[in-house]
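# Structural description and commentary
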Amino acid sequence: MLREYRTALPYLREHRGRYAAGALCLLVVDGSQVLMPQLVKRAVDLVSSGAFSRREVLEVCLWMLLAALAIAVSRFLWRYFIHGSSRRIEAAMRDALFSRLMDLSAGYFQANKTGDLMARATNDLGNVRQALGMGFVTLFDGVFMTAAVLVAMFAQNPRVALLAVIPLPAITLLILGFGGMVGRRFHKVQELYSRLSGIAQETMSGIRVVKSFVKEERFASDFSEANDRYAEASLSVAKVFAFFFPLISFLSGLTTAILILAGGRAVLGNAMSPGEIVAMLAYLEMLIWPMISAGFTVTMLQRGAASLSRVAEVLSAEPAIASAPGAIRGRPSGSVELRELSLTYGGAGRPALEGVSLRLPEGSTLGVLGRVGSGKSTLLKALPRLVEPPPGTVFVGGRDVLSLDLGDLRRAFGFVPQDSFLFSDTVAANVRFAVPELGEERFRRVVSIAALDRDVELFPAGWETVVGERGMTLSGGQKQRVAIARALAADPAILVLDDALSAVDAETEKAILAALLRERAGRTNILVSHRVSTLRNADLVVVLDEGRVAQSGSHAELLADSGGYYAEMARLQELEAGYGSGAAGRA
Amino acid sequence: MADYFESDVVTKDYDPRIMRRILSYLKPYKSSVLLTLIALALATAGELLVPVLVRRIVDEALVPSWYAVEPGAEGLVRLSGDEPRVGGAAYVAARALAELPRSERARLESEGLLGEEPCYVADLDAGGPDRRAAAAAAAQAAGARREGRWAVLSQAELRGLGPEQARALRARDSAYIARNAPILLAALAAVLAASFLHIFLSSLIGQRIMKDMRMELFRHASTRSLAYLSRQPVGRLVTRMTSDVETINQFFTDVLSAFLKDAAVMAGVLAVLVALDWRLALVVALTLPPVLVATSVSRTRARDAFRRQRQWLSRVNSYISERISGIAVVQLFAREEASRREFEAHDRELLRANLGEMYVFAVFRPIVDFLATLTTAAVVYAGAQLIGARLVSLGTLVAFVNLVRMFYSPVTDISEKYTILQSAMAGGERVFRLLDADEAIPDEGRRAMPSPLRGKIEFDRVRFAYKEGEWILKDLSFAVEPGEMVAIVGYTGAGKTTIANLITRLWDAQEGRIEVDGIPIAELPLAGLRRAIQPVPQDVFLFSGTIEDNIRLGPEVSEERMRLAAAAVHADEFIGRIEGGYRALLSEGATNISQGQRQLLSFARVLAHDPAVVILDEATASIDTETERMVQRGLEGLLAGRTSVVIAHRLSTIRHADRILVLSQGRVAEEGRHEELLERRGLYWNLYRLQFGGKTEE
């Protein structure tokens, strides 16, 4: 378990002064607390002797207040030092975690689901904080407090003390056993909980289908069944809890009973003063909490260790894609060349790209056509190194992309991905994403090219409209157009549109393409589309099939190859259009 | 969209209406609640009994003391007569003395009839005849004055005895302890049983109520109109049914149950204190005001700190989650460094909020502990004076010290409970807001569905707006004859999709009439109408489950009909190729089948339910030409022999249509067959060239 805590060592070292101060405060608290029953004992013995002066009692009471003051101040201080440190460490680790995530490559995020990474940034860091904060306190405090109290009790009357503490270890054992029992049941509860919310989630997402097919009752009965099972499982946890805490009180009550029996005998035999029995009563109560927390401390430290190793996994993950040492700085120009590019994803049997070569001089436009899964997206991703190409296969601005500074390489691109992901920020901030300092004039220009202005200016909040989670308040077409404006903002050397107009209606698509190509004159563009009518704007068209270049050439050349896929597509699409006009002609 | 981002911040701390409403869910469980309360009372009484028993043992057995009342006091005080008497003086137990009326005791003292020093009176017969000799010898050794079975010693004389002799002399006290120990154990066992019952029953009631509430929410939400549901993000509805209900559960288990327990213990402690000694109870009461002040100050501080903490936590978490989901965009635009800076600023705020919360508790808890000690010290000081004045017994003082500790232990976490109470109130408010949403399509149809339905559809001057004032349909009139296939075309936003929503009454039109087979649809039973007329939406929604589940949607559709339907739309071909066939599981979002295959499943689903009328909303998303052909074949199977309205996005569809309606600005602008409309060179002609990739620019 200690091995895992090595990850936390640099952080702990940074805060060692605070931890030392916190530990010192804990010692003051423990010491003063152990003193307290002694003072009560003195008061009781004074009173029971029958002969005491007012001043003597007052003195004892003032000592009590003094000790209480020391306890209060030290308690505040240890919280300040230790909880403060654990919170600061948590924040620092979260920063480090986030920072690392930003550098990790696409492959990592495919292998690790968002939910899992989130769990590390939230639950796991929380567990680490618990372990480094409360875990440290209960461990340290538990050990010292227990030791001090036991010493005080045994010093008074070893026989009585021994008898009275017998039930206490049972509390710790109970907690440890309880942890396992609850853990298993709780796991079941969580499973059923996510099933329950899964059903609710799905029914509400598909509510149109549910209503259209009048299936409300069927889904309600699914939900009802999951609901029953969840409630049942929750109760089985509740049952354990219901037994657990009363049992602890019972055991602690048992120590009181033993003390009265054994201690009473000692008092009757003049072996103990009445004050001592009262003090012991207080000491026993002080032991209950360390016994409970001993069980929790073990769980807390174990959980903290497990969580630390999960956090460390992320922190120590090396970005698969990074700038090479001595990478060339400065943005490359817009020429693109692929030389025999082959790429196979890990775990895939078949290469995603195989021997793809092409040359795209700066200022020209490339069109890409191909079925779903033909390797189009992989090709696009290899250019800005979202997936890593082999050395000597991808060249941008005449240099191997692997030799360029990663940030500079990527800044050369304006990418409109297929899913047009937007952040939940204002529309304006999304457009300005790459260039926060984007001038007003340029802003106007790019939103007008993306035909975004007329839509957004009709929104009540205009450009300040907040895009809902994953762009929920915008239509698919509007999202795509925001993504286009975002990519245009930096006036990139190479603009990439990955089927980025699919949700825009035909009329608008045409207008956008026209404006876009005018704006981009002299710069490089790459268009992926299913529509031959879009691809005809390209200087060079590449048809991909199962990762290979099946055809390449100009629109006209490809059309001329009447047996080819491109010509067939063109014919099919033309035929549909042509059939219409033909039919009209016949009528 | 107004309530899409509805703020979930609840500003009110406590709302009695919400509380009453939450509590009203207890009604069906009245007897369990009663039992819980009884268990609670028992547990509390048992817990309070323990210090009282300890007090008795201290007073009666551990430190019993007597005062001599000289002869001649009979006229001044009423003695019971069975007090031990030695040398003419009656010995009155300290506790009995403390209970004497003030005036009587004052008289005794002023007359000098009351002994100054507390002494010990031993009962030499208590150990039985065989122990009598040993007891007498011990009394002898201590120098006690004896008379009959009684021996009187000073406290100093008693302390001077060795262990054996002291025990022999105090046989009565040993017996007293031995008698009371089982009572103590029984009290502890009773507390154990009653506490278990109390906690378990409150969880049971809580869980039952949660179950009821979730079911009510689910049924309520799923029967709301789409007009309402489309304004609610799915995540929010799910949260209402799950985590919001969970906060109310916390209210039942942590607040209602534990809080009642704490309150019962605190009230019980106060009551016992008063019963034991009102003077010392007054001392305790005098030290309480600062506790109340500290609690109420920390309550508001804790609430504010907690809110800030939650707010920043959710901001930080959603920032992380969003940046992870959009990591490709971040990296493509090389915004890693900027994101880091932005995140660190957020994280710093969260740290400040976290530390703020820590300070509140770091200050509050030590203060309460200090005040507890202050109370104890005050009790000890005042108690010592009262004991000196023979007004209070030592046992009472010990009981007070213990009871004060009991009283203070719930105070430390009272602000945490208060926070839970608040989040339960907030949860309750949100849950009830959903339950109070009364937007549902009225199902008041009295007329029977025509059987068989011929499938004639008529829109007559229908006006409809999703949002008030923004009319989507303005005076829309058209008719579809039984068996006819009508295509509807128009620019985006012309109101095409809305037509399907209105015929199936997913929304109700504001004005105008919609009739099916000559009957206004509002007069037909909703379920019957929806079964007879089925929409095929643009976006196919597949549930997680098997292909079979997704076609059948329940047991009403037989397996055979499912297979026939799948075959008719040619979905059987690809299903046969998938491993597992109809039993194949569709993954989340059904990414394991293609767009076209999803469409075919959706067709099969509709066909399996055999509606008389199909309203098809063709997908606009560009799909490759092969997929398009596949879908086309499926479509033919679906529409064969049925009345259909197709919101067309594909050329082949309009070609097949019996009639085309051109929708513009919420009205039918043109109507006719494809060729006729083209010849007219109007709206359709224009639209056709644009939308269906017709020849070149003008």
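This is a predicted model, so every value here is computed, not measured.

### Side note on the overall build of chain A
Helices and strands together make up the secondary structure of chain A, namely 20 helices and ten strands. Expected size for 587 residues packed as a compact globule is a radius of gyration near 25 Å; at 36 Å, chain A overshoots this value by more than 25%. Seen through its C-alpha atoms, chain A measures out along the principal axes to roughly 125 × 65 × 50 Å. Every one of the 587 residues in chain A was classed for burial, and the buried ones make up 56%. Sequence separation of at least 24 residues holds for 76% of the intrachain contacts in chain A that already meet a minimum separation of 6. Of the roughly 24,000 Å² that chain A leaves accessible, carbon and sulfur atoms contribute 57%. In chain A, the 62 positive side-chain charges and the 57 negative ones have mean positions that sit 6 Å from each other.

### Examining the domain arrangement of chain A
Looking at chain A, the domain boundaries give domain 1 (1-157 + 299-319), domain 2 (158-271) and domain 3 (336-401 + 421-586). For domain 1 of chain A versus domain 3 of chain A, the separation of C-alpha centres amounts to 56 Å.

### Structural notes on the domain arrangement of chain B
Once the domains are mapped, chain B shows domain 1 (16-27 + 205-436), domain 2 (55-178) and domain 3 (457-691). Taken over C-alpha atoms, the centre of domain 2 of chain B sits 101 Å from the centre of domain 3 of chain B.

### Topic: the sheet that holds strand β7 (residues 494-498) of chain A
All names here are of chain A. As summarised here, the arrangement of the six strands in space is β6-β7-β8-β3-β9-β10, forming an open sheet in which the pairing is mixed. Both edges of this open sheet fall to β6 (413-416) and β10 (548-553), since each of them pairs with a single strand only. Averaged over all adjacent pairs, the angle separating strand axes in this sheet is 15°, with direction ignored. When strand β3 (residues 365-370) meets strand β8 (residues 524-528), the two strands line up parallel, connected through four bridges. Paired with Val368 across the bridge in β8 is Val528.

### Observations regarding the side chain of Ser529 of chain A
Turning to its location among the elements, Ser529 of chain A is positioned in the loop between β8 and α18 (532-535). The residues touching Ser529 of chain A, leaving out its near neighbours within four places in the chain, are Val368, Leu369, Asp499, Thr534 and Leu535 of chain A.

### Describing empty space enclosed by the protein
Residues and elements named next belong to chain A. With the rule as written, the count across this model stands at six cavities of 30 Å³ or more. By volume, the largest cavity amounts to about 110 Å³. Those elements that place two or more of their residues in the lining of the largest cavity are α17 (506-519) and β8. When the residues that make up the lining of the largest cavity are grouped by side-chain class, the tally is six nonpolar, five polar and three charged.

### Re the packing of helix α5 (residues 114-156) of chain A against helix α12 (residues 288-325) of chain B
Taken N-terminus to C-terminus, the directions of α5 of chain A and α12 of chain B make an angle of 145°; their axes are 10 Å apart at the nearest point. The handedness of the crossing between α5 of chain A and α12 of chain B is right-handed. Contacts between α5 of chain A and α12 of chain B involve Thr114, Leu117, Met118, Ala121 and Thr122 of chain A on the former and, on the latter, Asn317, Ile320, Ser321, Ile324 and Ser325 of chain B.

### A few points about the packing of aromatic side chains
Summed over the entire model, instances satisfying the criterion amount to 31 aromatic pairs over all chains. Ring centres of Tyr108 of chain A and Phe109 of chain A lie 5.9 Å apart, and the angle between their planes is 85°; this geometry places the pair in the edge-to-face category. The residues Tyr108 of chain A and Phe109 of chain A share a single accessibility class, namely buried. Following the ring pairs from residue to residue traces out a cluster consisting of Tyr19, Phe136, Phe140 and Phe144 of chain A. When the ring centre of Trp312 of chain B is taken as origin, the NZ or CZ atom of Arg315 of chain B, which lies over that ring, is 4.5 Å away. Directly above the ring of Phe423 of chain A sits Arg323 of chain B, whose terminal nitrogen or CZ lies 4.1 Å from the centroid.

### Thoughts on the sheet that holds strand β16 (residues 643-647) of chain B
Strand pairs in the sheet, formed through backbone hydrogen bonds, run parallel or antiparallel to each other. Residue and element names in this part refer to chain B. The sheet built from six strands is open, its strands ordered β12-β15-β16-β9-β17-β18 with mixed pairing. The two strands at the open ends of the sheet, each matched to only one other strand, are β12 (533-536) and β18 (667-672). With strand direction ignored, the average angle separating the axes of adjacent strands in the sheet is 20°. Summarising the sheet, strand β15 (residues 613-617) and β16 pair through five bridges and their orientation is parallel. For Val613, the partnering residue across the bridge sits in β16 and is Thr643.

### Overview of the pattern of salt bridges
With the rule as written, the count across this model stands at 68 salt bridges over all chains. Put simply, Asp123 of chain B and Arg149 of chain B hold a salt bridge, and the shortest N to O gap is 2.6 Å. With a gap of 26 residues between them, Asp123 of chain B in strand β4 (residues 119-123) and Arg149 of chain B in the loop between β5 (145-147) and β6 (150-154) connect regions that are remote in the sequence. The partly exposed category is assigned to Arg149 of chain B, whose relative accessible area is 36%. With a shortest N-O distance of 3.8 Å, Arg149 of chain B and Asp125 of chain B are connected by a salt bridge. In this pair, Arg149 of chain B is assigned in the loop between β5 and β6 and Asp125 of chain B in the loop between β4 and α5 (129-142), connecting sequence segments 24 residues apart. Overlapping salt bridges bring together Arg442, Arg445, Asp491, Glu519, Arg520 and Arg523 of chain A as one network.

### Re the environment of Leu69 of chain A
Following the sequence through the fold, Leu69 of chain A ends up in helix α3 (residues 54-103). Put simply, Leu69 of chain A and Met36 of chain A are 33 residues apart on the chain and 12 Å apart in space, counted from C-alpha to C-alpha.

### Side note on the interface of chain A and chain B
At the interface, 140 residues of chain A touch 147 residues of chain B. Where chain A abuts chain B, roughly 13,500 Å² becomes buried across the two surfaces, and 70% of that area is made up of carbon and sulfur atoms. By the criterion of area lost to chain B, the three top residues of chain A are Met204, Phe213 and Leu268 of chain A, representing 6% of everything that side buries. For the pair chain A and chain B, the interface holds nine salt bridges. Here Asp228 of chain A ties to Lys211 of chain B by a salt bridge, and the two come within 3.2 Å at their closest N and O atoms. In terms of residue count, the dominant contributor to the side of chain A that touches chain B is helix α9 (residues 216-268) of chain A (29 residues).

About the cut-offs
- Residues numbered from 1 in each chain as written.
- Chains lettered and ligands numbered in written order.
- Predicted model: local features only at pLDDT ≥ 70, side-chain atom pairs only at ≥ 80, totals over all residues.
- Heavy atoms only, no water.
- Helix = DSSP H or I, 4+ residues; strand = E, 2+ residues; numbered from the N terminus.
- Rg over C-alpha atoms; globule rule 2.2 N^0.38 Å.
- Buried < 20%, exposed > 50% of the residue type's maximum accessible area, 1.4 Å probe, protein only.
- Contact = heavy atoms within 4.5 Å.
- Areas by Shrake-Rupley, 256 points an atom, 1.4 Å probe, with all protein chains shown as cover.
- Lys, Arg positive; Asp, Glu negative; His and termini not counted.
- Charge placed at Lys NZ, Arg CZ, Asp CG, Glu CD.
- Domains from an automatic or database assignment.
- Pairing = 2+ DSSP bridges.
- Axes fitted to C-alpha atoms, helices over the stretch in contact; angles between N-to-C directions.
- 1 Å grid on protein atoms, 1.4 Å probe; cavity = no way out; pocket = protein on both sides within 12 Å on 5 of 7 lines; lining within 4 Å.
- Points joined across faces, edges and corners; volume = space filled by probe spheres on them.
- Nonpolar A, V, L, I, M, F, W, Y, C, P; charged D, E, K, R; others polar.
- Left-handed = near helix turned anticlockwise from the far one by under 90°.
- Phe/Tyr/Trp six-rings, centres within 6.5 Å; stacked < 30°, edge-to-face > 60°.
- Lys NZ or Arg CZ within 6 Å of the ring centre and 35° of its normal.
- Salt bridge = Lys/Arg side-chain N within 4 Å of Asp/Glu carboxyl O.
- Buried area = accessible area lost by both parts, 1.4 Å probe.

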